[in-house]
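Observations on the model geometry
Listed below, chain by chain, are the residues.
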Amino acid sequence: MSQLDQLPDQDPEEIAEWRDSLDAARDFGGPHRAADLLRRLVEHAELRRLGLPPLLDTPYVNTIPTAAEPEFPGDEEMERRITAWNRWNAAAMVTRGNHRGGLGGHMATYASAAWLYEVGFQHFFRGKEADGSGDQLYVQGHAAPGVYARAFLEGRISEAQLDRFRQEVGGDGLPSYPHPRRLPWFWEFPTVSMGLGPLSAIHQARFNRYLTARGIKDTSGSHVWAFLGDGEMDEPESTAALALAAREGLDNLTFVINCNLQRLDGPVRGNGKIVQELERQFRAAGWNVVKSLWGEAWDDLLARDTTGALVRRLGEVPDGQFQTYAASDARYIREHLFHTGPELRALAETLDDRRLLETVATSRGGHEPRKVYAAYRAAVEHRGAPTVVLVQTVKGWTLGPGFEARNANHQMKKLSGAEFRAMRDLLELPIPDSALNEELVPYAHPGPDSPEARYLRERRATLGGPAPARRVRFTPLPELPAKPFETLFKGSGTQEIATTMAFVRLVKDLMRDKATGHRWVPIVPDEARTFGMESLFPSAGIYSPLGQTYDPVDRDQLLHYKESASGQILNEGITEAGSMASLTAAATAYATHGEPVIPFYIFYSMFGWQRTADQMWALGDQLGRGFLIGATAGRTTMTGEGLQHADGHSQLIASTNPAALSYDPAFGYEVAVIVREGLRRMYGHSEQHPHGEDVFYYLTVYNEPLPQPALPAGDGVTDGILRGLYRYREADTGALPADAPRLQLLASGTAVRWALTAQRLLAEDWGVAADVWSAPSWTELRREALDCDAANLAQAAAGTGAAARVPYVTRTLAGAPGPVLAVSDWMRAVPDQIRPWVEQDWTSLGTDGFGLSDSRAATRRHFGVDAESVTVAALAALARRGEVKTETVRLAAERYGVRF
């Protein structure tokens with residue numbers, strides 16, 4: 001029985017007739033003819049919008065027949081010459097760099113994809129001069145030499161810069177791949193960490209829609225283009241958000257996947273077919289799929305395939321074999337591709353060896369501008385879903401038989417003089433033999449006033465200026481209201497508030513500001529209620545392009561779940577990678593669209609840097625600005641969740657990112673000081689940074705409700721919070737002997753509370769005076785100290801005789817009596833960052849090892865960081881100096897039941 005038999009059928013006889021017709025078609029025309037009839041009917045049903053699911057797998061031919069291709073709008077011969085110059089200069093740049101310094105570079109990727117980029121640059125990619133946004137281009141990292149070559153032809157990059165490819169020391173070189181931080185006027189998006197480009201592109205297209213829906217900027221004219229490799233699609237991030245793009249109907253997004261059938265070291269699917277696999281994957285996710293596989297040379301051959309034998313054969317030959325065809329002679333192709341049946345043998349006999357070789361070995365859709373243009377036009381005109389263009393090419397095309405379709409071509413970094421001469425002849429470039437030698441082939445340019453250069457300028461002017469291009473043209477945000485910060489400065493009195501809630505309350509109040517409140521972008525991976533953010537649901541709303549088409553189950557409650565087409569919150573679902581991609585799009589809107597927004601992404605700290613540190617590095621590379629909030633932080637404050645939720649190392653990972661300013665605030669007022677300064681630095685104006693600083697902030701906040709004290713009086717407190725260290729509470733020496741032993745307790749985050757309790761125990765039980773210091777940022781203390789060391793070394797090398805710079809941490813602790821004991825809810829390596837610049841004897845405590853489930857008190861005792869353990873460790877540090885008796889340490893351990 002069929003699954004459908006359980007559904008009522010109003011006319012079973014009609015169904016029987018259709019079945020009989022299909023059986024007859026099979027009996028008369030064969031199974032292939034019957035399958036073809038069904039395919040055409042399903043396609044027709046899709047066009048008629050009958051609600052049938054689309055076929056996931058279509059024949060291995062072009063989606064757009066030659067007869068249906070639109071008229072090519074440009075001068076094809078002129079564009080061919082321009083592309084030839086670009087091909088030459090891209091290869092020359094990499095070859096020259098390797099002859100001079102062995103610096104690497106890639107030629108084969110751009111050689112296969114040249115027309116994919118050139119057709120886009122000539123006819124599709126919009127620049128920023130019209131609306132400040134233009135299109136967003138995610139360029140495949142290994143194709144960067146070709147984009148540089150085109151910019152050289154346009155006059156945007158000089159020959160001297162081409163000759164400093166991968167030579168960035170000195171400041172005028174070209175980065176190896178798309179790196180906005182290294183070439184911030186040119187590149188917008190870092191893409192060479194494979195998989196992040198496609199994920200980021202999807203969320204960029206979505207964020208474009210968000211900006212329009214929120215009334216911040218009309219981005220309806222922007223289109224996002226992501227150029228990818230077929231091998232790159234193996235990365236899980238590459239396909240992680242396909243369903244999101246289809247679900248939200250992102251028809252402002254196009255993926256262009258260059259299917260040259262090769263990974264870095266061999267075929268992508270040697271025993272399979274990557275194009276068909278990708279088609280199934282994207283169609284199943286709801287994308288529009290356009291395939292451009294074969295060039296014009298195939299048209300006549302396919303037209304004479306009256307039995308469908310050739311199409312079936314193309315569909316069954318694995319990619320590894322097609323790669324071999326591209327590097328084989330005509331005899332091999334005849335024997336292995338066509339001599340498998342009488343119909344194919346007859347087709348092959350109509351072609352001489354030259355024509356057969358041209359058709360099978362090199363005629364690909366990605367090498368012909370008309371085919372590429374037709375695919376792109378279909379993509380941008382499609383409505384209701386994103387489009388993926390699957391384009392087949394030959395890796396290393398035009399670089400000669402030593403490169404084309406060879407497994408090793410990704411690692412081949414230079415051409416010989418003979419290979420350049422062959423390439424010149426193939427491309428028909430006017431470069432004399434006298435200019436070619438085995439070492440340094442010349443760059444070639446038709447001249448700034450040549451027809452090619454004028455054509456380039458005219459086309460880019462028509463499309464809105466140069467691309468790719470990055471521009472920063474935003475107006476700094478107005479001064480923020482003081483009241484939300486002052487509320488936290490006053491403290492909470494006896495009310496217990498966790499620092500997570502202190503941050504959420506601060507932002508909630510700032511979002512009410514009429515001038516800037518609408519620019520906040522809260523991002524959360526389906527844990528808003530965990531972080532106390534449900535109060536934002538009804539007021540700010542959760543962004544959904546569909547609005548809310550259902551009655552929420554909690555609609556009768558004050559804090560009900562509310563989705564809205566103009567919602568402010570990006571509730572991403574359970575995806576840290578997607579949340580980071582959204583943060584990146586928002587954090588760079590100040591440059592991408594000239595509109596500063598203030599994103600904050602709040603998450604379980606354990607699931608941030610540990611899972612998505614690569615994206616956080618890309619965020620810094622893209623010069624992103626915003627706040628990462630590692631909530632439920634520390635190894636001992638979320639212990640009921642156990643090992644996988646117990647974060648004791650994100651602060652250490654964050655310290656490795658030069659763009660991240662990492663803080664571990666202990667109190668609500670510290671949170672307020674840090675956020676206020678972050679907003680000033682990232683979105684304010686200064687003489688040195690007229691458009692703000694290219695940094696982002698990482699704050700770890702805790703879920704431990706405690707009374708929040710007021711901001712202490714004193715001019716140095718705020719400065720100390722931002723620099724990373726200030727004395728929170730000096731020892732009360734009034735009740736202690738004048739010669740009482742003394743030490744310094746340094747702590748961050750929730751550990752400051754343990755240090756304060758230890759301060760009391762040391763005084764009351766053992767007659768020891770301890771000063772307690774809050775260290776909101778061990779990392780910023782270290783970085784400032786490293787800067788001092790570097791400046792001192794430079795002065796010494798220059799022999800200037802200038803006074804040495806003393807690090808802030810050294811100056812601040814100078815003269816503080818006794819040893820230093822540092823404690824935190826992080827592994828010891830976090831506070832140990834500053835050890836070289838602390839002149840006192842140093843001891844640290846931390847939560848090294850795996851987390852575990854138990855009460856906070858039990859786990860802190862387990863790791864030896866609770867107040868009693870800190871007390872014993874402090875006495876041990878004094879005993880090593882002979883300031884207390886060794887016996888005192890044993891007695892304290894017994895008294896408190898501490899075992900290390």
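Below you will find a few notes about this structure. Just so it is clear, the model here is predicted, and its values are computed rather than measured.

Cut-off values and rules
Residues numbered from 1 in each chain as written. Predicted model: local features only at pLDDT ≥ 70, side-chain atom pairs only at ≥ 80, totals over all residues. Heavy atoms only, no water. Helix = DSSP H or I, 4+ residues; strand = E, 2+ residues; numbered from the N terminus. Buried < 20%, exposed > 50% of the residue type's maximum accessible area, 1.4 Å probe, protein only. Contact = heavy atoms within 4.5 Å. Areas by Shrake-Rupley, 256 points an atom, 1.4 Å probe, with all protein chains shown as cover. Lys, Arg positive; Asp, Glu negative; His and termini not counted. Charge placed at Lys NZ, Arg CZ, Asp CG, Glu CD. Core = buried A, V, L, I, M, F, W, Y, C linked by side-chain atoms within 4.5 Å. Pairing = 2+ DSSP bridges. Axes fitted to C-alpha atoms, helices over the stretch in contact; angles between N-to-C directions. Parallel < 35°, antiparallel > 145°, perpendicular 65-115°, else oblique. Left-handed = near helix turned anticlockwise from the far one by under 90°. Expected span 1.5 Å × (residues − 1). Salt bridge = Lys/Arg side-chain N within 4 Å of Asp/Glu carboxyl O. Phe/Tyr/Trp six-rings, centres within 6.5 Å; stacked < 30°, edge-to-face > 60°. Patch = residues over 30% accessible without salt bridge, like charges linked within 9 Å, V, L, I, M, F, W, Y side chains within 5 Å. Right-handed = clockwise from strand over helix to strand, strands pointing away.

Right, let's talk about the overall build of the protein for a bit. Looking only at helices and strands, the protein features 33 helices and 20 strands. Dimensions of the protein, computed from the C-alpha atoms along their principal axes, are close to 110 × 85 × 50 Å. Burial status across the protein gives 58% buried among its 900 residues. Across the protein, every contact between residues at least 6 apart in sequence was considered, and the portion connecting residues at least 24 apart equals 78%. As presented, the protein carries roughly 36,600 Å² of accessible surface, and 51% of it is formed by carbon and sulfur atoms. Distance from the positive charge centre (94 side chains) to the negative charge centre (114 side chains) of the protein: 3 Å.

What tends to happen in soluble globular proteins is that the nonpolar side chains get buried as a cluster. Core analysis: the biggest nonpolar cluster contains 88 residues, and F627, L679 and L745 have the highest contact counts within it. Among the elements that take part in this core, helix α26 (residues 668–683) stands out by supplying 9 residues, more than any other. Apart from the residues within four sequence positions on either side, F627 is in contact with W520, L583, I598, P599, F600, Y601, V675, G678, L679, M682, Y697 and L699. Membership of the second largest hydrophobic core comes to 71 residues, among which are A149, L162, A374 and L427.

On to the sheet that holds strand β11 (residues 598–604), then. The sheet built from 6 strands is open, its strands ordered β10-β7-β11-β12-β14-β13 with parallel pairing. Among the strands making up the open sheet, the edge pair consists of β10 (570–571) and β13 (660–663). As judged from the 5 bridges shared by β11 and strand β12 (residues 627–631), these two strands associate in the parallel manner. Each bridged residue has a counterpart across the sheet, and for F603 the counterpart in β12 is G630. Docked against the sheet, helix α24 (residues 609–621) engages β11, β12, β13 and β14 (696–700), running at close to 155° with respect to β14.

Glancing now at the packing of helix α3 (residues 76–101) against helix α5 (residues 144–154). The geometry of α3 relative to α5 is characterised by a closest axis approach of 8 Å and an angle of 120° between their N-to-C directions. By the angle class used here, α3 and α5 are oblique. Between α3 and α5 lies a crossing whose hand is right-handed. Of α5, the residues touching α3 (which contributes I82, W85, N86, N89, A90, M93 and V94) are P145, G146, Y148, A149, R150, F152 and L153.

With that settled, the discussion passes to unusual backbone geometry. Working note: non-glycine residues mostly have negative phi, and peptide bonds are mostly trans. Cis rather than trans, the peptide bond between A467 and P468 has omega equal to -5°. The backbone of L261 shows a phi angle near 70°, a positive value even though the residue is not glycine. Along the polypeptide, L261 turns up in the loop between β3 (253–259) and α9 (274–285). Residues other than glycine seldom take positive phi values, yet T632 does so here, at roughly 45°. Among the residues examined, T632 registers a relative accessible area of 3% and is labelled buried.

Between its first and last C-alpha atoms α26 spans 22 Å; for 16 residues at 1.5 Å apiece the expected length is 22 Å, and the two agree. Among the 16 residues of α26, 13 are classified as buried, and the element is accordingly described as predominantly covered.

Right, let's get into the sheet that holds strand β4 (residues 288–292). Here 5 strands make up an open sheet; going across it, the order is β1-β2-β3-β5-β4 and the pairing parallel. Bordering the open sheet on either side are β1 (136–138) and β4, each of which pairs with just one other strand. Neighbouring strand axes in the sheet, compared pairwise and without regard to direction, differ in orientation by 15° on average. Sheet topology places β1 next to strand β2 (residues 224–229); 3 bridges connect them, and they run parallel. In the sheet register, Q136 faces β2, and the bridge partner there is V224. Across the sheet, helix α4 (residues 108–123) touches β1, β2, β3 and β5 (387–392), and the angle it forms with β3 is around 150°. Its contacts with the sheet put helix α16 (residues 369–381) on β2, β3, β4 and β5, and the angle it makes with β4 is roughly 175°.

As a further point, take the pattern of salt bridges. Enumeration according to the criterion identifies 57 salt bridges in this entry. Across the salt bridge formed by K371 and E69, the nearest N and O atoms sit 2.8 Å from each other. Of the two residues, K371 sits in helix α16 while E69 sits in the loop between α2 (31–47) and α3, which places them 302 residues apart along the sequence. A salt bridge links R126 to D135; its shortest N-O distance comes to 3.8 Å. In this structure R126 comes out as partly exposed when scored by relative accessible area, which is 23%. Residue classification places D135 among the buried positions, given a relative accessible area of 6%. Salt bridges sharing common partners tie together E77, R80, R81, E428 and E452.

Relative to the 16 Å expected for 12 residues at 1.5 Å per residue, α9 spans 16 Å between its end C-alpha atoms, a close match to the ideal helical length. Within the sequence span of α9, burial applies to I274, V275, Q276, L278, E279, F282 and R283. Elements that come into contact with the buried residues of α9 comprise α8 (242–247), β3, β4, α12 (319–326) and β5. One or two residues past the end of α9 sits G286, with phi positive at roughly 100°.

This part covers the side chain of E79. Secondary-structure assignment places E79 in helix α3. Setting aside anything within four residues of it in sequence, one finds E79 in contact with F72, G74, W115, Q122, H123 and Y455.

We now examine the packing of aromatic side chains. A complete count under the given rule lists 44 aromatic pairs for this structure. Ring geometry for F72 against Y373: centres 5.7 Å apart, planes inclined by 75°, an arrangement best described as edge-to-face. Of this pair, F72 sits in the loop between α2 and α3 while Y373 sits in helix α16, and the two are 301 residues apart along the sequence. The same class applies to F72 as to Y373, namely buried. Ring centres of F503 and F600 lie 5.3 Å apart, and the angle between their planes is 80°; this geometry places the pair in the edge-to-face category. Of this pair, F503 sits in helix α20 (residues 499–510) while F600 sits in strand β11, and the two are 97 residues apart along the sequence. An aromatic cluster of at least three residues, connected via ring pairs, comprises F72, Y117, F121, F124, F125, W225, F227, Y373 and Y376.

Okay, a nonpolar patch on the surface next. On the surface, W18, L22, L38 and L41 cluster together into a nonpolar patch covering about 390 Å² of accessible area. Put simply, the parts of the chain that give the nonpolar patch at least two residues each are α1 (12–29) and α2. As for its placement among the helices and strands, W18 is situated in helix α1. The class of W18 is exposed, set by a relative accessible area of 55%.

Our next topic: the pairing of strand β17 (residues 742–747). With 5 of 6 residues buried, β17 is to be regarded as a mostly interior element. Pairing analysis gives 6 bridges linking β17 to strand β18 (residues 769–774), with the strands arranged parallel. Note on β18: the bridge partner recorded for R742 is A769. Remark: the β17/helix α28 (residues 751–766)/β18 crossover connection has right-handed handedness. Alignment of β17 against strand β19 (residues 820–823), held across 4 bridges, turns out to be parallel. By the bridge assignment, L746 is partnered in β19 with A822.

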